[in-house]
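Reading the structure
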Amino acid sequence: MQISQLRDHLRTLGAKPAHEQRILRAWLQGQPLTAGRKKAEDVLPLAVREALPGIEAELNALATLRSSHPGEDGSARLLVGLIDGQTVESVLLPRDGLCVSTQVGCAVGCVFCMTGKDGLLRQVGSAEIAAQLVLARRQRAVKKIVFMGMGEPAHNLDNVMEAIEAFGLFGDIGHKNLVFSTVGDPRVFERLPQGPVKPALAVSLHTTDAKLREELLPRAPRLDPAWLVAQAEAYARATGYPIQYQWTLLEGINDSEAELDGIVRLLAGKYGLLNMIPYNANEGLPYQRPSWDKARAIAKRLTQAGVLTKLRDSAGQDVDGGCGQLRAREKDSFEPAVAKAQRVEWLKRAE
């Protein structure tokens, strides 16, 4: 389901824009659809009121909590069931944040990520993205949303932009607290400035070497890192939101002297910051997490060289916190036969 379909349905029942907005606000806050400062019977048309129980049941079915895994750091990784039996992950982050998924699986195929191992199974509709927020808000406050869960948001741009608009206009989320994360796609820099809600931008850089980038992100657009940084810098200056450059630190892969020099060359003086995240080890993948002391020394060196660097620990490491890990671990328990067939077919095509 898409949010636009919900709005169209409400209009066919006689809802006016103010009625739609009231219902959307109630839903996105995790409240009953009849909630509001005035009684529903005094505001909403009769046909809308009569339809609300059925609409509410349909919306509640979009995303259900399969399991919750609290971490010692205050995070909680949620395995979220979708209406067709597929699953995605959401993460409740410390300090009232939420990480949402935009696809079931991912086509980019980052070699260090569990999500990409299954490939892309399907897109997540804008209402399903919103339903992840609703599910989260029924557990705790959410004031910031990052689109950094399963999937590449740029590959599901229409649904993601519709969700961002709803969150910013009706979900009480500050626009700069909506963070669109991408490996890089020219369409992102065309579309993001056009909407009524302009989110902050996070760019998954991971390396300054174009050849290594092709190896680490094998199905990402072939973009030179310098071009990507230039586009991001232009967006940052236009919106007034600094870019967050994401760097998953892999032992012996992207922590060399040449890489550190490349980071300084590309990012020193730019309107942004570098989020350096030591790799969250995945069973079955050959990549290693560097020591915290080494990571801290790298972050200090880059900051002294003019690149504001924040060393961040990956949330929920004690509860399979890496993207796709929880779904991979519990997939056989929950994944229906049709979903398994889709995954097998995708893998055959990929070969």
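Residues numbered from 1 in each chain as written. Predicted model: local features only at pLDDT ≥ 70, side-chain atom pairs only at ≥ 80, totals over all residues. Heavy atoms only, no water.

What follows concerns the packing of aromatic side chains. Counted by the stated rule, this structure contains four aromatic pairs. Centroid distance Phe112 to Tyr279: 6.4 Å. Interplanar angle 85 degrees. Geometry classified as edge-to-face. Of this pair, Phe112 sits in the loop between strand E5 (103-105) and strand E6 (120-123) while Tyr279 sits in the loop between strand E11 (272-278) and helix H11 (292-304), and the two are 167 residues apart along the sequence. For the pair formed by Phe112 and Tyr279, the shared burial category is buried. (Phe/Tyr/Trp six-rings, centres within 6.5 Å; stacked < 30°, edge-to-face > 60°. Helix = DSSP H or I, 4+ residues; strand = E, 2+ residues; numbered from the N terminus. Buried < 20%, exposed > 50% of the residue type's maximum accessible area, 1.4 Å probe, protein only.)

The next thing to look at is helix H9 (residues 225-239). In this model H9 runs 21 Å from its N-terminal to its C-terminal C-alpha over 15 residues, within 8% of the 21 Å that 1.5 Å per residue would give. Those residues of H9 that sit buried are Pro225, Leu228, Val229, Ala232, Glu233, Tyr235 and Ala236. Axial view of H9: buried residues confined to an arc of 165 degrees, hence all on one face. Turned more than 90 degrees away from the buried face of H9 sit Arg237 and Ala238, all of them exposed. Turning to H9, the residues buried within the fold contact helix H7 (186-191), strand E9 (200-204), helix H8 (210-216), strand E10 (243-249) and helix H10 (257-267). (Expected span 1.5 Å × (residues − 1). Arc of directions from axis to C-beta. Contact = heavy atoms within 4.5 Å.)

Of all the positions in H10, only Glu259, Leu260, Gly262, Ile263, Leu266 and Leu267 are classed as buried. Summarising the axial view, the buried residues of H10 lie within an arc of 160 degrees, below the 170-degree limit, and thus occupy one face. Opposite the buried face of H10, by more than 90 degrees, sit the exposed residues Ala258 and Arg265. Those residues of H10 that are buried lie in contact with H8, H9, E10, E11 and H11. Backbone geometry just after H10 places Gly269 at a positive phi near 85 degrees.

On to the pattern of salt bridges. This model, assessed by the stated rule, comprises 17 salt bridges. For Glu89, the salt bridge is made with Arg77, and the minimal N-O distance between the two is 2.4 Å. Remark: Arg77 occurs in strand E2 (residues 76-82) and Glu89 occurs in strand E3 (residues 87-93); sequence separation between them is twelve residues. Assigned by exposure class, Glu89 and Arg77 land together as buried. It is possible to trace a salt-bridge network through shared partners that takes in Arg7, Asp8, Arg11 and Glu20. (Salt bridge = Lys/Arg side-chain N within 4 Å of Asp/Glu carboxyl O.)

Here we take up the sheet that holds strand E1 (residues 63-70). Pairing in this open sheet of ten strands is mixed, and the strands run E1-E2-E3-E4-E7-E8-E9-E10-E11-E12 from one edge to the other. Both outer strands of the open sheet, E1 and strand E12 (309-311), are each paired with one neighbouring strand and no more. Ignoring strand direction, the axes of neighbouring strands in this sheet form an average angle of 25 degrees. Of the pairings in the sheet, the one linking strand E4 (residues 97-99) to strand E7 (residues 144-147) comprises three bridges and is parallel in character. Considered in E7, the bridge of Cys99 is made with Val146. Strands E9 and E10 of the sheet are contacted by H9, whose axis makes an angle of about 145 degrees with E10. (Pairing = 2+ DSSP bridges. Axes fitted to C-alpha atoms, helices over the stretch in contact; angles between N-to-C directions.)

Structurally, Ser101 is set in the loop between E4 and E5. A distance of 2.9 Å separates a polar side-chain atom of Ser101 from the backbone nitrogen of Met150. Setting aside its immediate chain neighbours within four residues, Ser101 contacts Val88, Glu89, Val124, Ile129, Gln132, Gly149 and Met150. (Polar contact = N/O pair within 3.5 Å; in protein donor to acceptor, adjacent residues only side chain to side chain.)

The next subject is the confidence of the model for the protein. Of the residues in the protein, 89% reach a pLDDT of 70 or more, and the chain-wide mean stands at 90. Residue range residues 331-335 is modelled with pLDDT below 50. Its contacts to residues more than four positions away, or to other chains, number twelve contacts. Within the model, the stretch residues 338-347 combines pLDDT values under 50 with 15 contacts to residues more than four positions away or in other chains. (pLDDT = per-residue confidence, 0-100.)

Here we take up the packing of H10 against H11. Packing of H10 against H11 leaves a shortest axis separation of 10 Å and a crossing angle of 35 degrees. For the crossing formed where H10 meets H11, the hand is right-handed. Between H10 and H11, the residues in contact are Glu257, Leu260, Asp261, Ile263 and Val264 and Ile298, Arg301 and Leu302, respectively. Taken together, the residues that form the contact of H10 with H11 break down as five nonpolar, no polar and three charged. (Left-handed = near helix turned anticlockwise from the far one by under 90°. Nonpolar A, V, L, I, M, F, W, Y, C, P; charged D, E, K, R; others polar.)

On to the pairing of E9. Counting buried residues in E9 gives five out of five residues, a clear majority hidden from the surface. Here E9 shows two buried faces, one formed by Ala200, Ala202 and Ser204 and the other by Leu201 and Val203. Handedness of the crossover joining strand E8 (residues 178-182) and E9 through H7 is recorded here as right-handed. Relative to E10, E9 is paired through three bridges, and the arrangement is parallel. Residue Ser204 lies in a different strand from E10, and its bridge partner there is Gln246. (Right-handed = clockwise from strand over helix to strand, strands pointing away.)

Of all seven residues in E3, six are buried; the element is thus mostly enclosed. The pairing of E2 with E3 spans six bridges and is classified as antiparallel. Paired with Gly81 across the two strands is Thr87, which belongs to E3. Hairpin connection, E2 to E3: the antiparallel pair is bridged by four residues, and Gly85 has positive phi, about 95 degrees. One ladder, built from three bridges, connects E3 with E4; its direction is antiparallel. Across the sheet, the residue bridging to Val91 is Cys99, located in E4. As consecutive antiparallel partners, E3 and E4 are separated by three residues, and within that stretch Arg95 has a phi angle of approximately 65 degrees, a positive value.

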